Amino acid sequence: MNHKKGRIGILFLIVVFILQSIIVVDGVFYNSEIPDIFNNRSFAEESMLHNFTNYQALKIIDEEIWARVIVRLKDNSGINVTGTKEERKYFLEERERWFDSIIDDVLNTLSDNDLKVNSRLSNGFEALISEQGFEKLINDNKVKEISWPKTGAVALLGESVPLINADDAWSSGYTGENVDICVIDTGVDTNHPDLSGKIANEYCYCSDNCCPDNTNEDDSAEDDNGHGTHVAGIIASQDGTYRGIAYSADLYIVKVLDNEGYLQSWADLGNAIDWCRTQGVDIISISIGNRENHPGDSNCPTYINTEIDDAFNSDISVVIASGNDNYNDGINYPACNYQVIAVGATYDANHGYEGYPYDWIPITCIDWSADTDDITCFSNTGPGLDLLAPGCKIDSTWNDGGFEEHCGTSMSTPMVSGAVALLLEKNPTLTPDEIIFALQDTGVPVGSWKRIDVLAALNTIETPCNCGSWSYSSCGGGGCNSEQKRRTRTCDPSGCAVESECVYDESCAGEGEGEVSECTRSGYEFC
């Protein structure tokens, strides 16, 4: 089921991507521009100088042009990722082990003059390649696709809780207990008092040595920007006034952005999604996207689709911001991927005049009379949007133990992630498609989309029936006949299944029944 029709999105990070034509040679897909860039020094120098995301798509090394690419390999493992959630997790791990050896095989055919690896991925790698390295890769029958992202990503950024009826959901007993949410962002202030005890684990993938220990990979995700801490607080803040939507949930934090909010490598984001999945989380919240307009699935890039697909197949809801570019006919990537929940921003109250640029909102637009549930002028909408949620003006945790108010689809995204957590607390068996259907079906109409109403969605979700083991009476006990035993059990919620009944038991049957068929015994369970 493609739930992307009629959805709305929210964005915290922005990444620029220019659609490029694709060439297929001997089964290898690659951008048509790649062969020409190796001989265009002026273009390479211009690209390196004028790039607002600080992403180095091209580099000049020893007077030679190198391109940063993502290489994906063909899946000939024969491993089908099917079955229960646990079985799919096992098969994904088996497939990753298979790919490890294939990646080694491909890299072993290349020299330092061909390729410089930045990061390994679950089914490939990100690397700088020279022209001769590119020629070798497109002639390797193990290679499926070579993509060339032109830019990276950059960070953007009281009344909301009752507006989406989260406080009524809390009163009904749903606060996100036993739900795990992974936030991929600038990290988190691990010493913030209102996030104390909420961070279950953390990690960093941040190329160009922007992890806390000045390396590309670290087991600390300490926030040196503030945006990630703000997002985390919208989900799980313990503050009495600015309480998170799912304040009992546990957080898993991955830092992929530097101190200015830039994404240095798409592989960092892909590896972060994989890390979240292997931690066993239920939800992944990402305020990252490209500032380009992608009106529909066919125009959507594919850089980290493998990692998104693996998360989706593990029944993980991936919630992503749609972007802050005032597009009304399309949204950013990766929100445009059809397997994610793309979120857009509304106002949480009557704010009157609101003009932009402001905060992390890079575009110029004006809302002359910003009122409750109005879509913000900066929020991207159009094909591929799933939902709306309050995204302006949102108070939440900030670095150094404080609180700040910010606007952006980045703020709406954790609102939806928190709402998903409350639904999963009520019914942990829900799939991502069932979750988006419940939120869309019960949301408040705003334009062509729906603004989430957590309580209304919860009221449509059935609590799974969990029953204990049967216990049995003696023969003829509990009002049963002499050839029966009464069996009883306790179910939660009470009455969701049979909890007491009489059943035939051979040990109770008298002698001499002979050839009488068991199914002639009226009232026996199996007749």
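Residues numbered from 1 in each chain as written. Predicted model: local features only at pLDDT ≥ 70, side-chain atom pairs only at ≥ 80, totals over all residues. Heavy atoms only, no water.

**So, the overall build of the chain**
Step number 1: Regarding its fold elements, the chain presents 12 helices and 29 strands.
Step number 2: Across the 527 residues of the chain, 57% fall into the buried class.
Step number 3: In the structure as shown, the chain presents an accessible area of about 20500 Å², 44% of it carried by carbon and sulfur atoms. (Helix = DSSP H or I, 4+ residues; strand = E, 2+ residues; numbered from the N terminus. Buried < 20%, exposed > 50% of the residue type's maximum accessible area, 1.4 Å probe, protein only. Areas by Shrake-Rupley, 256 points an atom, 1.4 Å probe, with all protein chains shown as cover.)

**Section: the nonpolar core**
Soluble globular proteins tend to pack their nonpolar side chains together in the buried interior.
Step number 1: Counting 49 residues, the largest nonpolar core has Ile181, Val416 and Leu423 as the members making the most contacts within it.
Step number 2: With 9 residues, the single largest contributor to this core is helix H10 (residues 409-426).
Step number 3: Excluding its chain neighbours within four sequence positions, the residues that come into contact with leucine 423 are Leu430, Ile435, Ala438, Leu439, Val454, Ala457, Leu458 and Ile461.
Step number 4: By size, the runner-up hydrophobic cluster in this structure holds 40 residues, among which are Leu121, Tyr333, Cys336 and Leu385. (Core = buried A, V, L, I, M, F, W, Y, C linked by side-chain atoms within 4.5 Å. Contact = heavy atoms within 4.5 Å.)

**Comments concerning the side chain of asparagine 337**
Step number 1: The topology assignment puts asparagine 337 in the loop between strand S16 (317-321) and strand S17 (341-347).
Step number 2: Residue asparagine 337 is classed as buried on the basis of its relative accessible area of 5%.
Step number 3: A polar contact is formed between the side chain of asparagine 337 and the side chain of asparagine 305, at a distance of 3.0 Å. (Polar contact = N/O pair within 3.5 Å; in protein donor to acceptor, adjacent residues only side chain to side chain.)

**Describing unusual backbone geometry**
Step number 1: A cis amide bond, omega 0 degrees, links cysteine 392 with the succeeding residue lysine 393.
Step number 2: Considering the arrangement of structural elements, one finds lysine 393 in the loop between strand S20 (387-392) and strand S21 (394-397).
Step number 3: For the bond running from aspartate 492 to proline 493, omega is 5 degrees, close enough to zero to count as cis.
Step number 4: Positive phi, normally seen in glycine, also occurs at aspartate 208, with a value near 65 degrees.
Step number 5: Positionally, aspartate 208 belongs in the loop between strand S11 (199-205) and strand S12 (217-218).
Step number 6: A relative accessible area of 45% means that aspartate 208 is categorised as partly exposed.
Step number 7: For asparagine 326, which is not glycine, the phi torsion reads 65 degrees and is therefore positive.

**Digging into a nonpolar patch on the surface**
Step number 1: Together, Tyr353, Ile366 and Trp368 give the surface a local cluster of nonpolar side chains, amounting to about 380 Å² of exposed area.
Step number 2: Mapped onto the fold, tryptophan 368 is located in strand S19 (residues 361-370). (Patch = residues over 30% accessible without salt bridge, like charges linked within 9 Å, V, L, I, M, F, W, Y side chains within 5 Å. Salt bridge = Lys/Arg side-chain N within 4 Å of Asp/Glu carboxyl O.)

**Looking at a negative patch on the surface**
Step number 1: A surface patch of like charges, here negative, comprises Asp62, Glu64, Glu131 and Glu135.
Step number 2: Within the secondary structure, glutamate 135 is located in helix H4 (residues 131-138). (Lys, Arg positive; Asp, Glu negative; His and termini not counted. Charge placed at Lys NZ, Arg CZ, Asp CG, Glu CD.)

**Considerations on the environment of glycine 330**
Step number 1: With respect to the helices and strands, the residue glycine 330 is situated in the loop between S16 and S17.
Step number 2: The buried category is assigned to glycine 330, whose relative accessible area is 0%.
Step number 3: Remark: the alpha-carbon pair of glycine 330 and histidine 294, spanning 36 residues in sequence, is separated by 4.9 Å.
Step number 4: Excluding anything up to four places from it in sequence, glycine 330 contacts Asn293, His294, Pro295, Asn380, Thr381, Gly382 and Pro383.

**Comments concerning the layout of surface pockets**
Step number 1: Reported here for the largest pocket is a volume of approximately 430 Å³.
Step number 2: Along its surface, the largest pocket is lined by 22 residues, and Asn123, Lys144, Asn305, Thr306 and Asp309 are the ones closest to its centre.
Step number 3: Elements supplying a minimum of two residues to the lining of the largest pocket: strand S5 (64-73), helix H3 (85-107), strand S8 (143-147) and helix H9 (305-312).
Step number 4: No other element matches the 4 residues that H9 contributes to the lining of the largest pocket.
Step number 5: Split into classes, the residues belonging to the lining of the largest pocket amount to 7 nonpolar, 7 polar and 8 charged.
Step number 6: The calculated volume of the second largest pocket comes to roughly 250 Å³.
Step number 7: Lining the second largest pocket, in full, are Glu96, Asp100, Arg120, Leu121, Ser122, Tyr205, Asn271, Asp274, Trp275 and Thr278.
Step number 8: Per-element tally for the lining of the second largest pocket: the top contributor is helix H8 (residues 266-278), with 4 residues. (1 Å grid on protein atoms, 1.4 Å probe; cavity = no way out; pocket = protein on both sides within 12 Å on 5 of 7 lines; lining within 4 Å. Points joined across faces, edges and corners; volume = space filled by probe spheres on them. Nonpolar A, V, L, I, M, F, W, Y, C, P; charged D, E, K, R; others polar.)

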